[in-house]
Amino acid sequence: MPSSTEPTVAPVKDAIVSIRNLTKTYGNGFRALNGVDLDIEKGEILALLGPNGAGKTTMISIVCGLVNPDHGSKVMVGGHDVVRDFRQTRALIGLVPQELTTDQFETVWNTVSFSRGVYGLKPDPARIEQILKDLSLWSKKDNMMRELSGGMKRRVLIAKALSHEPKVLFLDEPTAGVDVTLRRDMWLVVEKLREAGVTIILTTHYIEEAEEIADRVGVINGGKLLLIEDKAALMQKLGSKQLRLELTAPLGAIPASLADLGLSLEDAGRTLVHEYKGGEGEERIGALMAGLSKENIHFRDLSTRQSSLEDIFVALVEKKDDVGKTTAVGMNAGEKA
Ligand SMILES: Nc1ncnc2c1ncn2[C@@H]1O[C@H](COP(=O)(O)OP(=O)(O)OP(=O)(O)O)[C@@H](O)[C@H]1O
Ligand SMILES: [Mg+2]
């Protein structure tokens, strides 16, 4: 278990992005990041979750070389320092920024193609055509940016980020305010990129999105990385399960013989709830069933529920606010749950 003095960084096999002791204090004295350690593995999809103002965009901006970190921070991409070797690192990175920023009086085609030149790559019209088609932008290629809707502009930003064949792609809230079709297009593009070996880091407020597509999930709040975990392991470690039994007759209290099984009553005694964590409590289900039968308690229906990433996220973020501690909170929250 990490303590507040140990770094939270989890070792990875082949890090393409390596962040050590990343701290950022803005000009007005506000500390947006505070000692973040993080390795991002080549080829993974990492989802960063965190409430508004957590520091996600600040972190991405630093990795992309757009914002300078405080002295003592070290951020490497592909083995190069993002401050010292800015041009080398930037060429490896594609960024879809959170804010829509494009030249309103340029065409879609030019906006997307020009990016290659900026990174010193030869024009590749066939590639640009494919990208525009993948993002359903082909019919708009000759339109000016100002003639596009908000969601279409976001597609152009994605196309632009892909035009110079980045090895690492940052998507900063790419699905905020976009429709279902774009989301689907985008995840198809992300899937294709992953197959091509591109490393993808996305921030999102849609937890179900992280749950669906990420290999690993990081939670950031108050400028600290509270947790970074393999998604499946996280769900297993922190997720709790519930078995709910709808009783044929309400119970006034839990019988003494079942007191040790972690039961509670809801719905005026009509629903018996057994809460347990994956693994440990499962064998208790057998004991519960035998005990119910012995006590002559019958049920007409049963359902189970597994806690989601959302429950984990909310518990983490709220926990942090409660106790004012940060680094070790992740695991503690899970163990106590
Ligand atoms: N240029 C700046 N000067 C001063 N403070 C800033 C600046 N940019 C960001 N901040 C502050 O740093 C904190 C982190 O901001 P950041 O944009 O990184 O958050 P975020 O996690 O991306 O949030 P959101 O989910 O809303 O996009 C916020 O409190 C923000 O007000
Ligand atoms: Mg942001």
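Above this text you will find the structure in question.
A brief report on the enclosed structure follows.

Calculation criteria
Residues numbered from 1 in each chain as written. Chains lettered and ligands numbered in written order. Predicted model: local features only at pLDDT ≥ 70, side-chain atom pairs only at ≥ 80, totals over all residues. Heavy atoms only, no water. Phe/Tyr/Trp six-rings, centres within 6.5 Å; stacked < 30°, edge-to-face > 60°. Helix = DSSP H or I, 4+ residues; strand = E, 2+ residues; numbered from the N terminus. Buried < 20%, exposed > 50% of the residue type's maximum accessible area, 1.4 Å probe, protein only. Lys NZ or Arg CZ within 6 Å of the ring centre and 35° of its normal. Near = heavy atom within 4 Å. Polar contact = N/O pair within 3.5 Å; in protein donor to acceptor, adjacent residues only side chain to side chain. Areas by Shrake-Rupley, 256 points an atom, 1.4 Å probe, with all protein chains shown as cover. Nonpolar A, V, L, I, M, F, W, Y, C, P; charged D, E, K, R; others polar. Core = buried A, V, L, I, M, F, W, Y, C linked by side-chain atoms within 4.5 Å. Contact = heavy atoms within 4.5 Å. Salt bridge = Lys/Arg side-chain N within 4 Å of Asp/Glu carboxyl O. 1 Å grid on protein atoms, 1.4 Å probe; cavity = no way out; pocket = protein on both sides within 12 Å on 5 of 7 lines; lining within 4 Å. Points joined across faces, edges and corners; volume = space filled by probe spheres on them.

**Concerning the packing of aromatic side chains**
Okay, so step 1: For the structure on display, the rule yields one aromatic pair.
Okay, so step 2: Plain terms: the ring middles of W109 and W138 are 6.2 Å apart, the flat faces sit at 70 degrees to each other, and that makes the pair edge-to-face. Taken together, the residues W109 in helix α3 (residues 108-118) and W138 in the loop between α4 (125-134) and α5 (150-162) connect sequence positions 29 residues apart.
Okay, so step 3: For W109, a relative accessible area of 24% corresponds to the partly exposed category.
Okay, so step 4: In this structure, K133 is placed above the aromatic ring of W138, and the distance from its NZ or CZ to the ring centre is 5.0 Å.
Okay, so step 5: Sitting over the face of the ring of Y206, R183 holds its NZ or CZ atom 4.2 Å from the ring centroid.

**Some details on the site of ligand 1**
Okay, so step 1: Residues in contact with ligand 1 amount to 15 residues; listed here are only the nearest, N52, K56, T57, T58 and Q98.
Okay, so step 2: Within the side chain of N52, a nitrogen or oxygen atom sits 2.8 Å from an oxygen atom of ligand 1.
Okay, so step 3: Between ligand 1 and Q98 there is a distance of 2.8 Å, counted from an oxygen atom to a side-chain nitrogen or oxygen.
Okay, so step 4: For ligand 1, the protein covers 67% of the area, taking 640 Å² as the surface of the free molecule.
Okay, so step 5: The element that contributes the greatest number of residues to the shell around ligand 1 is helix α1 (residues 56-63), accounting for three residues.
Okay, so step 6: Its residues assigned to classes, the shell around ligand 1 shows five nonpolar, eight polar and two charged.

**Points about the nonpolar core**
Okay, so step 1: Formed by 44 residues in total, the largest nonpolar core has its most connected members in L49, L169, I200, V219 and L309.
Okay, so step 2: It is α5 that provides the largest number of residues to this core, a total of six residues.
Okay, so step 3: With sequence-adjacent residues up to four places away left out, L49 is seen in contact with K56, T204, I207, A210, V217, G218, V219, I220, L309 and F313.
Okay, so step 4: Counting 28 residues, the second-largest nonpolar core is a separate cluster that includes I16, L38, V82 and L225.

**Thoughts on the pattern of salt bridges**
In a structure, side chains of opposite charge can pair up when their charged atoms sit close to one another.
Okay, so step 1: Considering all chains together, one arrives at 18 salt bridges under this definition.
Okay, so step 2: Close ionic contact of R300 with E246 constitutes a salt bridge, the shortest N to O distance being 3.4 Å. In this pair, R300 sits in strand β14 (residues 299-306) while E246 sits in strand β11 (residues 240-247), placing the two residues 54 residues apart along the sequence.
Okay, so step 3: The partly exposed category is assigned to E246, whose relative accessible area is 35%.

**A look at the layout of surface pockets**
In this approach the atoms are scanned with a rolling probe the size of a water molecule, which exposes any empty space left behind.
Okay, so step 1: By volume, the largest pocket amounts to about 340 Å³.
Okay, so step 2: If you trace the largest pocket, you find 18 residues lining it, with R90, L95, S115, Y119 and K160 closest to the centre.
Okay, so step 3: Contributions of two or more residues to the lining of the largest pocket are made by β6 (93-96), α3 and α5.
Okay, so step 4: Residues of the lining of the largest pocket, tallied by class, amount to eight nonpolar, six polar and four charged.

Just geometry here; none of it tells us what the structure is for.
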